[in-house]
Amino acid sequence: MTTYDTDVVVIGAGPVGLTLANLIGVRGHRATVLEARHELIDYPRGVGLDDESIRTLHTAGLWERVQPFTVPHHVVRLVNGTGQVLATNNPGTQEFGYPRKHGFIQPLVDRELAAGLDRFDGTGLRFGHRVVGIEDRGDHVAVTAERPGADDDTVETVTLTARYAVGCEGGSSFTRKWMGVSFEGKSPSTRWVVVDVENDPIGTPSVYLGADPRRPYVSIGLPQGVRRWEFMLHDDEPTDLCDDRAFMHSLLARHVPDPSALKIINQRTFTHHGRVASDFRKGRVFIAGDAAHLMPVWLGQGWNSGIRDATNLAWKLTAVLAGDADDALLDTYTVERRKHAADMIDVNMAAGTVMKMGRLGGKVRDVAATALNAVPKWKSYFTELRFKPMPRYAAGVVVDQADLTPGRARAGFKNGTGFKNRTGFKGRTGGLAPFVDSAGELSPVGLQFIQPRVSTADATDVLLDDVTGDWWTLATWGTDPTAFLSADDLDLVRRHRVKLVSFVPETQRAWAEKRYADSPAPVTVVGDTSGALKDWFDVRACGLVLLRPDRFVAAASLTRQAPQALAAVCRAGSLLTDRTTAVHEEGVRA
Ligand SMILES: O=C(O)CCc1cccc(O)c1
């Protein structure tokens, strides 16, 4: 068998590349991260961390080390020039197991992500390696980097072979340019100066987006007593004016007395961009994070969108590397991630327009905001952050429930590869009697599954992901998930290391543990101590979910449809159904 230097070359040691490498390492494969710089970036960068990203960090075994550099419940307030609050984002949900928004300090978190790689043999980070060449050799890829020679005046080249390469090296990505994909969108000409200060001289804990027509600004309380300010520069203010202390003090003086006494950690200027690459894949080469899409900062989504990419791509790469799936699975990465990134860009561009309105537009905006806030439903649209597009994969490794009933497949479902523009009402069961009154509600397929705290025979009050693990899960509500699975189905379950789970009310757990002990395959019984799982199934027309390794719902069905759901997901994900390379620790009982 041909051997390669590593499984995946990751280009760029930013948060996306480091997270991707950790996720590959945690799943038993090798990644080598090549970074052109000689150290991690330490200037002011991302400050908003979403619950989805924390879920990924938890999967990568990194959340506990990252947590000290975060603050939970970051509330975002949009204020006008007089300090009137126009909108508040303070989502109360913890549906994915954590508060929806946290503040964080990116360089400190990046450091932990880099240190996390030390846990894995064969996975590592090489600084001072500037990638200058990529060659797709059909069955593998060769990545060439320049690095300093033995004495500092010389440069030597090194070539690494791998099964795949992923460019995570930011907006100016060499990899994206090598792929030859377009990077369309807009870059508003406005420049901003960002400055981080020690010993927060304001002391308020959250985020203020100052839509002040005189000069839009951002003021954010961060962990470790850091205050972040961002100020928009006017067109007649050259960027190098920011090197002038008096100018910076004049910006700060509207916000804090005696700015000359402040201890500035770092500052830099930047421009917002809204761009997305036309494809995130070319052959054996991928792009992720800012290399694939750039978005303004307003919802704190640049960092989080990149982590979503890493989460999506990591399990697919490892499934292919493990021989569990055909390479075609990797095509679903662009299909699933590109649309969501583009939607996120649109919302952030719109938010930027609201922030930068002049005096007249600002007055109209303020009146509109007052009217919206008077209507609770509209107010909660902002408070609960419902305008933020949640990832919802309508095509890719997802199967519509209506298509699982034999003879009832709808137009648009092609060869098990998914569906387009699915509107999937919750109550729809493919022509079987609908039993949930849920007009207008969406199917759970393609959405991230909830993460309540639960109890099992082995653990009390733990997060659901700690029980299900980081690969596939087939879970049923209140029943034995093996009940309708044939011996062949159970082979498939074993082949793909699908964890079989029964969610039950905590009151039923002892009964279920006893009852399912004789099931033909091991079943983990999960006690729904909070009632969140029951509430979830209560309003959906399904008693079974098939969860992907990234916790998204690949299929939802009646329990009786378990074999169809399993088979359809295998088709949609190009999962191999032969039994030759099955590896499973738990084994299927005969
Ligand atoms: O969503 C957050 O937590 C903050 C997002 C934000 C907004 C404005 C500037 C910035 O750097 C981040």
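Every chain is numbered on its own, with residues counted from 1 as its sequence reads. At least 70 in pLDDT is required for a residue's local features to be given in this predicted model, at least 80 for side-chain atom pairs to be given and counted, and no such filter applies to totals for whole chains, interfaces and linings, which use all residues. The basis for every side-chain value is the complete set of non-hydrogen atoms in the structure, without hydrogens or water.

The chain carries the name Bifunctional 3-(3-hydroxy-phenyl)propionate/3-hydroxycinnamic acid hydroxylase in an unreviewed UniProt entry, which gives Streptomyces cavernicola as its organism.

**Student:** Looking at this model, I keep getting lost on the site of the ligand. Mind explaining?
**Tutor:** Close to the ligand lie 14 residues; Lys101, Glu230, Val297, Trp298 and Gly300 are nearest. Within the side chain of Lys101, a nitrogen or oxygen atom sits 2.6 Å from an oxygen atom of the ligand. In the analysis that follows, any N or O atom pair within 3.5 Å is treated as a polar contact, provided that within protein one partner can donate a hydrogen and the other can accept it, and provided that, for residues neighboring in sequence, both atoms belong to side chains. Within the side chain of Glu230, an N or O atom sits 2.5 Å from an oxygen atom of the ligand. Per-residue and other accessible areas follow the Shrake-Rupley method at a 1.4 Å probe size, with only the shown protein chains counted as cover for residues. Notes on the ligand: free accessible area 330 Å², of which the protein chains cover 97%. Only DSSP runs of H or I covering at least 4 residues are called helices, and only runs of E covering at least 2 are called strands; the numbering of each starts at the N terminus. For the shell around the ligand, the secondary-structure elements that each account for two or more residues are strand E16 (217-222) and strand E17 (226-233). Two domains each donate at least three residues to the shell around the ligand, and these are domain 1 (6-70 + 103-184 + 275-350) and domain 2 (191-271). Note on definitions. A residue lies near a molecule or strand when any single heavy atom of the residue is within 4 Å of it. Note that domain bounds follow an automatic or database assignment of domains.

**Student:** What's the story with the sheet that holds strand E19 (residues 274-277) in this structure? I'm lost.
**Tutor:** The three strands are arranged E13-E19-E22 in an open sheet whose pairing can be described as antiparallel. Each edge of the open sheet carries a strand with a single partner, namely strand E13 (183-186) and strand E22 (293-294). A pair of strands counts as paired when DSSP detects no fewer than two bridges linking them. Here E13 runs beside E19; their pairing, made up of four bridges, is antiparallel. Following the sheet pairing, Lys186 is matched in E19 by Gly274. Along the sheet, helix H8 (residues 332-355) makes contact with E13, E19 and E22, crossing E19 at roughly 170°. The contact definition used throughout considers only heavy atoms, calling two residues in contact when any of these lie within 4.5 Å. Angular values range over 0 to 180 degrees, each being the angle between N-to-C directions of two axes fitted as lines to C-alpha atoms, with helices fitted over their stretch in contact.

**Student:** Sorry if this is basic, but what is going on with the domain arrangement of the chain here?
**Tutor:** Where interface size is given, it is often the accessible area lost as the parts come together that is meant. Here the chain is described as being made up of domain 1 (6-70 + 103-184 + 275-350), domain 2 (191-271) and domain 3 (395-579). Relative to domain 3, the C-alpha centre of domain 1 lies at a distance of 30 Å. Opposite the 21 residues of domain 1 that make contact, domain 3 presents 25 residues. Summed over both partners, buried area is the accessible surface (1.4 Å probe) that two parts give up on being assembled. Carbon and sulfur atoms make up 50% of the area that domain 1 and domain 3 hide from each other, which totals about 1800 Å². A carboxyl oxygen of Asp or Glu within 4 Å of a side-chain nitrogen of Lys or Arg is what we treat as a salt bridge. A salt bridge links Asp465 to Arg55; its shortest N-O distance comes to 2.8 Å. Where domain 1 meets domain 3, there are 15 residue pairs in polar contact (both at pLDDT 80 or more). Elements that contribute at least two residues to the side of domain 1 that touches domain 3 include exactly helix H2 (51-59), helix H7 (301-321) and H8. When grouped by side-chain class, the residues that make up the side of domain 1 that touches domain 3 number seven nonpolar, seven polar and seven charged. We call Asp, Glu, Lys and Arg charged. Ala, Val, Leu, Ile, Met, Phe, Trp, Tyr, Cys and Pro are nonpolar, and the rest, Gly among them, are polar.

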